[in-house]
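A look at the structure
Below, each chain spelled out in residue letters.
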Amino acid sequence: MSIMQIVALAVVAVVLIVIIRQERPELAMQLSMVAGLIIIVFVLWKLAGVIKVLERLALRAELNMVFLSALLKIIGIAYIAEFGTQVCRDAGENALAFKVELAGKVMILVLAVPIISTIVNTVERLLP
Amino acid sequence: MDLLNVDMLFKLAGIGILIMVFTQVLNQAEKKEQAQLLTLAGVVIVMIFIVKLIGDLINTVRSIFNIY
């Protein structure tokens, strides 16, 4: 029943943020950031179990672990980049948010290059 | 690490409301500079907590998704 806890936390946080925002917008921004961080850390710990099961499945299917670890790294980068983007956008800094987003995309692309080259190699071997 | 730490949120909201009230009092007493400094102090104190939380988040993501 963790979802109840999360919803309750978010509602309480929203009430407090709305109270503080009238007078001190900068503190309200920090407070919303803290609420988001608490929720996201909690959810990521829940996700850890699922990831462990996925890793075990991949091990049993004898997949190449390089691909799974690259995939997990990409998901991690996506979460972190999305968090940074949302914080910047909340504070009204759309330009910075866009740059953080771009950085996340580039980092994901860098991690995806080995996978793409593997696909190209496989296709090359299949074609006569 | 497996529970929602609501204490942190309430602590920081308490700091926020306290600073809000004191700033209003100082503004009423015509002490604008001190009110500004109080706000700055509040922002810095909350920022310390936020940096700790961001460190938590990054360590969590690192350990879960195997990023080094």
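The sections below set out a description of the structure shown in this document. (Residues numbered from 1 in each chain as written. Chains lettered and ligands numbered in written order. Predicted model: local features only at pLDDT ≥ 70, side-chain atom pairs only at ≥ 80, totals over all residues.)

Let us now look at the overall build of chain A. Along its length, chain A carries 4 helices and 0 strands. Reading the secondary structure of chain A in the N-to-C direction produces α-α-α-α. Since a compact globule built from 128 residues should have a radius of gyration of about 14 Å, the 20 Å found for chain A marks it as more spread out than a globular shape. Dimensions of chain A along its principal axes, counting C-alpha atoms only, are 70 × 40 × 15 Å. For chain A, the residues scored as buried account for 23% of the 128 residues in total. Within chain A, residue pairs in contact and separated by at least 24 positions form 48% of the contacts whose partners lie at least 6 positions apart. (Helix = DSSP H or I, 4+ residues; strand = E, 2+ residues; numbered from the N terminus. Rg over C-alpha atoms; globule rule 2.2 N^0.38 Å. Buried ≥ 20, exposed ≤ 12 C-beta atoms within 10 Å, placed from the backbone. Contact = placed C-beta atoms within 7 Å.)

Attention now goes to the overall build of chain B. Check the secondary structure of chain B and you find 2 helices and 0 strands. Against the compact-globule benchmark of 11 Å for 68 residues, chain B has a radius of gyration of 17 Å, which places it well outside the compact range. Taken along its principal axes, the extent of the C-alpha atoms in chain B is 55 × 25 × 10 Å.

Residues spaced three or four apart along an α-helix face the same direction, because each turn holds 3.6 residues. Residue and element names in this part refer to chain A. The terminal C-alpha atoms of helix α3 (residues 65-90) lie 38 Å apart, and with 26 residues this matches the ideal 38 Å at 1.5 Å per residue to within 8%. For α3, the full list of buried residues reads Lys73, Gly76, Ile77, Tyr79, Ile80, Phe83, Thr85 and Val87. Looking one or two residues beyond α3, the residue adopting positive phi is Gly92, at roughly 85°. (Expected span 1.5 Å × (residues − 1).)

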